[in-house]
Amino acid sequence: MNRALKQAQKAFDIGEVPVGAVLVYKEEIIAESHNSPISTCDPSAHAEINVIRDGAKFLKNYRLNNTSLYVTLEPCAMCCGALIHARVENLIFSAADLKSGAVVSNGNLLDSDFINHKVNYFQGPLKDESSDLLKRFFSQKRL
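An account of the accompanying structure is given in this report. (Residues numbered from 1 in each chain as written. Predicted model: local features only at pLDDT ≥ 70, side-chain atom pairs only at ≥ 80, totals over all residues. Heavy atoms only, no water.)

Topic: helix 3 (residues 47-59)
No. 1: For helix 3, with 13 residues, the first-to-last C-alpha span of 18 Å sits near the 18 Å given by 1.5 Å per residue.
No. 2: Elements in contact with the buried residues of helix 3: strand 1 (20-25), strand 2 (28-34), strand 3 (67-73) and helix 4 (77-86).
No. 3: Backbone geometry just after helix 3 places Lys-60 at a positive phi near 55°. (Helix = DSSP H or I, 4+ residues; strand = E, 2+ residues; numbered from the N terminus. Expected span 1.5 Å × (residues − 1). Contact = heavy atoms within 4.5 Å.)

Comments concerning the sheet that holds strand 5 (residues 120-123)
No. 1: The strand order across the open sheet formed by five strands is 2-1-3-4-5, and the pairing between neighbours is mixed. One side of each edge strand has no neighbouring strand; the edge strands of this open sheet are strand 2 and strand 5. Each strand of the sheet is rotated relative to its neighbour by a mean of 15°, with strand direction disregarded.
No. 2: In this sheet, strand 4 (residues 90-95) lies alongside strand 3 in parallel orientation, the contact comprising five bridges. Of the residues in strand 4, the one forming a bridge with Val-71 is Phe-93.
No. 3: Sitting on the sheet, helix 5 (residues 127-141) is in contact with strand 3, strand 4 and strand 5, with an inclination near 60° to strand 4. (Pairing = 2+ DSSP bridges. Axes fitted to C-alpha atoms, helices over the stretch in contact; angles between N-to-C directions.)

Some thoughts on the environment of Ala-96
No. 1: Tracing the backbone shows Ala-96 in the loop between strand 4 and strand 5.
No. 2: Sequence separation between Ala-96 and Gly-124 is 28 residues, and the spatial gap between their C-alpha atoms is 8.7 Å.

Quick notes on the packing of helix 1 (residues 2-13) against helix 5
No. 1: Taken N-terminus to C-terminus, the directions of helix 1 and helix 5 make an angle of 5°; their axes are 11 Å apart at the nearest point. Considering the angle they form, helix 1 stands roughly parallel to helix 5. Facing helix 1, whose interface residues are Leu-5, Ala-8, Gln-9 and Phe-12, helix 5 presents Glu-129, Ser-130, Leu-133, Arg-136, Phe-137 and Gln-140.
No. 2: When the residues that make up the contact of helix 1 with helix 5 are grouped by side-chain class, the tally is five nonpolar, three polar and two charged. (Parallel < 35°, antiparallel > 145°, perpendicular 65-115°, else oblique. Nonpolar A, V, L, I, M, F, W, Y, C, P; charged D, E, K, R; others polar.)

Some words on the pattern of salt bridges
No. 1: Taken as a whole, this structure holds two salt bridges when the rule is applied.
No. 2: Among the ionic pairs, Arg-3 bridges to Glu-32, the shortest N-O distance being 2.4 Å. Of this pair, Arg-3 sits in helix 1 while Glu-32 is found in strand 2, placing the two residues 29 residues apart along the sequence.
No. 3: Under the relative-accessibility criterion, Glu-32 is labelled partly exposed at 27%.
No. 4: Between Asp-42 and Arg-53 there is a salt bridge, with its nearest N and O atoms 3.7 Å apart. With Asp-42 in the loop between helix 2 (37-40) and helix 3 and Arg-53 in helix 3, this pair connects stretches of sequence that are eleven residues apart.
No. 5: Here Asp-42 falls in the partly exposed class, since its relative accessible area comes to 22%. (Salt bridge = Lys/Arg side-chain N within 4 Å of Asp/Glu carboxyl O. Buried < 20%, exposed > 50% of the residue type's maximum accessible area, 1.4 Å probe, protein only.)

Remarks on the packing of aromatic side chains
Each pair of aromatic rings is reported with the distance of its centres and the angle of its planes.
No. 1: In this structure the tally under the stated criterion is two aromatic pairs.
No. 2: Aromatic side chains Phe-12 and Phe-137 sit 5.9 Å apart centroid to centroid with 65° between the ring planes, which places their arrangement in the edge-to-face category. Separated by 125 residues along the polypeptide, Phe-12 in helix 1 and Phe-137 in helix 5 bring together distant segments of the chain. Per residue, the accessibility class of Phe-12 equals that of Phe-137, and both read buried.
No. 3: Centroid distance Phe-137 to Phe-138: 5.1 Å. Interplanar angle 85°. Geometry classified as edge-to-face.
No. 4: Overall, the relative accessible area of 5% leaves Phe-137 in the buried class.
No. 5: Three or more aromatic residues joined by ring pairs form one cluster here, namely Phe-12, Phe-137 and Phe-138.
No. 6: It is Arg-136 that lies over the ring of Phe-12; its NZ or CZ is 5.0 Å from the centre. (Phe/Tyr/Trp six-rings, centres within 6.5 Å; stacked < 30°, edge-to-face > 60°. Lys NZ or Arg CZ within 6 Å of the ring centre and 35° of its normal.)

This is the structure in structure tokens:
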């Protein structure tokens, strides 16, 4: 999660919402990225989507079986859908997203009875550090 937090800081430094993600396969980091929708003019360029894309290229497979995704903020509905379709096994996230989160904050898309792949999820590591970075970012935007 420390690597994901470093990615979030990179996003912060370039004016993107500070969310970072790391994808792990067989205890090896295979992809890491941060939010980049502003700089790429791509509304889908969330940290989670970026690492899913890079991880799929690394594994040469659109299925990311036996992978774990570490992300500094609770994923939104779009990212939850991508986790399910990519067959990510584990999701570990830091801060809850009371506005857009779709795992614990606003229903739980990962536990839906309508999906054919369940993603295990855990919350908490570096929650305070991730929350603080997001608060600093948005307080600067409001000045």
